[in-house]
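Listed here are the chains, written in short residue letters.
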Amino acid sequence: MTRILKNYAYCGDRRVHYITAGNGPPLVMFHQSPRSASEYVPLIEEWAKYFTIIAPDTPGYGQSDPLEITEPDMTDIANAQMTFLKTIGITQFAAYGYHTGSTIALTIAGLYPKAVNRFVMNGFSVLSKEEKESFLKEYLPPFQPDWSGSHLAWLWSRYREQLIFFPWYAKNNASRMPYDIAPLDILHQQVLDHLYAGDAYRSAYGAAFAFDKKSFQSKVTAPALIMAAPPDPLTAHLDRLSDMPENFELVRPENRDDAHAVALKYLRKTDLPKLKNFHINSNTKKPNTAKTWREYFGQENNLHCLVTDYGKTRVLLIHDILQSSNSLKSLIGTLADAEYEVIAPDLPGHGLTNILSDTFIEELTNNLDAADKLPDYILTIGQSAAMGPQLKKAFQTAKLINFDFFKPASEKSEAFTQNYMPDMTAQKYGGHLLTGWSFLRMKNLFWPWYEEKKENIIPAHPDSQPHVLQTGFVALMQTTKVGYQLARQLLHSAVTDKHKVDISVCPDWVKTRNDIDLVSDNVVFYDSETNGHTALVEMLNSLSDK
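Residues numbered from 1 in each chain as written. Predicted model: local features only at pLDDT ≥ 70, side-chain atom pairs only at ≥ 80, totals over all residues. Heavy atoms only, no water.

A. Region of the structure containing the overall build of the chain. The secondary structure content of the chain amounts to 17 helices and 18 strands. For the chain, the C-alpha radius of gyration of 25 Å lies close to 24 Å, the compact-globule estimate for 546 residues. Summarising its shape, the C-alpha atoms of the chain cover approximately 80 × 50 × 40 Å along the three principal directions. For the chain, with 546 residues in total, the buried portion stands at 56%. Considering only intrachain contacts with a sequence separation of at least 6, the fraction spanning at least 24 residues in the chain is 73%. Element-wise, carbon and sulfur atoms account for 48% of the exposed surface of the chain, whose accessible area totals about 23900 Å². (Helix = DSSP H or I, 4+ residues; strand = E, 2+ residues; numbered from the N terminus. Rg over C-alpha atoms; globule rule 2.2 N^0.38 Å. Buried < 20%, exposed > 50% of the residue type's maximum accessible area, 1.4 Å probe, protein only. Contact = heavy atoms within 4.5 Å. Areas by Shrake-Rupley, 256 points an atom, 1.4 Å probe, with all protein chains shown as cover.)

Next comes the structure, spelled out in structure tokens:
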């Protein structure tokens, strides 16, 4: 089985996320917009037999930071990708690109002729002046979260209809395409990739549409293969190519599998030396000045964390179920500003962690112990409270603190465990997206969220803003079957079991409710007009000073 690793590298403070696999000559794979390098995983599993593969997320896509340029052009994007490759020690390589990735590969080959040994462009658009104007005007509408969730209804329809019409906004028979609608799991991943990018999805997309490929071809000296295979609508664009340089070759594969076979055969002609056991320099794994960053660690580099690396004391921060460490960015920033060192892992099946639940604590303990980073405090958020006793057992000297954990009175516990978690089973027309969005909205307005009665009204949470909900929604969408299994276990345990906790931190509205059981004799209440982060830091400071 191919060993595929996910990594981060930092070019200054700009984060680049990428996938590596295999041993052999270096092959860099550039993905289409608005996807991420993860779309290449099936191909990587096959091609890693022959290459050392490096597949980066384009700036602003997947888990890579966007460029600090309002409207980057293709040269900006190509320069950024080349900076990343040089940062991890790759200076010569073969390249493969699909759609936008083809344009990125072409641009790098023209700007850095000594770097690219040979490359393949699968899906190469050649737009007329009228098409380019139409695409730049209609193809990439702004994407902004809306309190109602209407942006999600549009998003699901957008990815269904890109398989019905090309371009997707041209709803007429002339634009119909011979595609099946993608399976729900594929649509889910396409939508998730778009959510990762947010409004930045327009950057590389727009740059590719605007780029003048024709005039750039003459700058390329490396052997290049251009192709597209039915039913890709860009197959028709091959007929628009003319007067290509001698180093360009045009082929017309019969289908997608044939295209991959042709590309692999062409790329294997590279005469670059093999890379064995490629590893990046550890100095590139941290930003120059940023206070927080992300890391993968564990035996297979698949335990994902958001961390800070300095402070008077260390906090192990466990996010709520169906969320991720990324949904705690505000709290982590507050703790970092107060000079606390934070380690915030994604739970199994949550965020970007891809391990089984029964190995999580062992992986976490081994890595923190090896790095001499044992926590002083274990801070659990919401219904992840049930993870606290397990972690307390592993890190016995740490104090255990619950934050925003509301346990229903015993007579309501069964209804709570049955109704708390929304059904996010993918639905054909996207109804699950609105279910998840409503879950996050109502959590900030009612307790419990599914009982929208006047006696269940709570003060509106100060973070009840669409852009904040969007971060939580991305985390909800990331949660896998493994994550839901763990979430059910933690929810049931949190509601039904007795927990010994050092301190519980809750908003002051909890004091007015008789249907909530406090889980500690030591409760710190904070003003519900705030998000409680300042009160939490003040409480930690008081403990640290003792």
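Moving on from the model shown.
B. View of helix 6 (residues 184-197). Between its terminal C-alpha atoms helix 6 stretches 20 Å, which fits the 20 Å expected from 14 residues at 1.5 Å a residue. For helix 6, the full list of buried residues reads Leu187, Gln190, Val191, Leu192, Asp193, His194, Leu195, Tyr196 and Ala197. A positive backbone phi angle near 60 degrees is found at glycine 198, which sits one or two residues after helix 6. (Expected span 1.5 Å × (residues − 1).)

C. Main features of the packing of aromatic side chains. In this structure the tally under the stated criterion is 27 aromatic pairs. A centroid spacing of 5.1 Å and a plane angle of 75 degrees characterise the contact between tyrosine 139 and phenylalanine 209, whose relative ring orientation is edge-to-face. Here the residue tyrosine 139 occupies a position in helix 4 (residues 129-139), and phenylalanine 209 occupies one in helix 7 (residues 202-210), the gap between them amounting to 70 residues. Take tyrosine 139 and phenylalanine 209: they sit in the same class, and that class is buried. The structure contains a cluster of three or more aromatic residues connected by ring pairs, namely Phe135, Tyr139, Phe143, Trp154, Phe166, Trp168, Tyr169, Tyr201, Tyr205 and Phe209. Positioned above the aromatic ring of phenylalanine 124 is the side chain of lysine 213, whose terminal nitrogen or guanidinium carbon lies 5.6 Å from the ring centre. (Phe/Tyr/Trp six-rings, centres within 6.5 Å; stacked < 30°, edge-to-face > 60°. Lys NZ or Arg CZ within 6 Å of the ring centre and 35° of its normal.)

D. Broad picture of the environment of serine 102. Within the secondary structure, serine 102 sits in helix 3 (residues 100-111). Remark: the alpha-carbon pair of serine 102 and lysine 500, spanning 398 residues in sequence, is separated by 57 Å.

E. Representation of the packing of helix 5 (residues 150-161) against helix 6 within the structure. The geometry of helix 5 relative to helix 6 is characterised by a closest axis approach of 10 Å and an angle of 125 degrees between their N-to-C directions. In terms of their interaxial angle, helix 5 and helix 6 are classed as oblique. In this structure, the crossing between helix 5 and helix 6 has a hand that is right-handed. Where helix 5 approaches helix 6, its residues Leu152, Trp154, Leu155, Trp156, Tyr159 and Arg160 are matched on the opposing element by Leu184, Leu187, His188, Gln190, Val191, His194 and Leu195. (Axes fitted to C-alpha atoms, helices over the stretch in contact; angles between N-to-C directions. Parallel < 35°, antiparallel > 145°, perpendicular 65-115°, else oblique. Left-handed = near helix turned anticlockwise from the far one by under 90°.)

F. Expanded view of the pattern of salt bridges. Under the counting rule described, the total for this entry stands at 18 salt bridges. Across the salt bridge formed by lysine 291 and aspartate 337, the nearest N and O atoms sit 2.7 Å from each other. Of this pair, lysine 291 sits in the loop between helix 9 (256-267) and strand 9 (293-297) while aspartate 337 sits in helix 10 (residues 329-337), and the two are 46 residues apart along the sequence. Classification of lysine 291 by relative accessible area gives partly exposed; the value is 40%. Accessibility expressed as a relative area gives 54% for aspartate 337, which makes it exposed. (Salt bridge = Lys/Arg side-chain N within 4 Å of Asp/Glu carboxyl O.)

G. Just the packing of helix 14 (residues 431-443) against helix 15 (residues 466-478), in detail. Their axes nearest at 10 Å, the elements helix 14 and helix 15 cross at an angle of 125 degrees. With respect to helix 15, the axis of helix 14 lies oblique. Every pair of crossing elements has a handedness; the one defined by helix 14 and helix 15 is right-handed. Contacts between helix 14 and helix 15 pair Leu433, Gly436, Trp437, Phe439, Leu440 and Arg441 from the former with Pro466, Leu469, Gln470, Gly472, Phe473, Leu476 and Met477 from the latter. When its residues are assigned to classes, the contact of helix 14 with helix 15 shows nine nonpolar, three polar and one charged. (Nonpolar A, V, L, I, M, F, W, Y, C, P; charged D, E, K, R; others polar.)

H. Highlighting unusual backbone geometry. In this model, serine 33 is joined to proline 34 through a cis peptide bond whose omega is -5 degrees. Along the polypeptide, proline 34 turns up in the loop between strand 3 (26-30) and helix 1 (41-47). Omega for the bond connecting phenylalanine 166 with proline 167 falls within 30 degrees of zero, at -5 degrees, which places this linkage in the cis form. Mapped onto the secondary structure, proline 167 falls in the loop between helix 5 and helix 6. Even without a glycine there, the phi angle at glutamate 339 is positive, about 70 degrees. The class of glutamate 339 is partly exposed, set by a relative accessible area of 47%.

I. Region of the structure containing the sheet that holds strand 18 (residues 523-526). Taken in spatial order, the eight strands line up as 9-10-12-11-13-14-16-18 in an open sheet, and their pairing is mixed. The strands lining the two open edges of the sheet, one partner per strand, are strand 9 and strand 18. Taking the axes of each pair of neighbouring strands and ignoring which way they run, one obtains an average angle of 25 degrees across the sheet. Of the pairings in the sheet, the one linking strand 11 (residues 313-318) to strand 13 (residues 377-381) comprises four bridges and is parallel in character. Opposite leucine 317, over in strand 13, you have leucine 379 as the bridge partner. Together, strand 10 (303-307), strand 11, strand 12 (340-345) and strand 13 form the strand contacts of helix 10, whose direction differs from that of strand 12 by roughly 155 degrees. (Pairing = 2+ DSSP bridges.)

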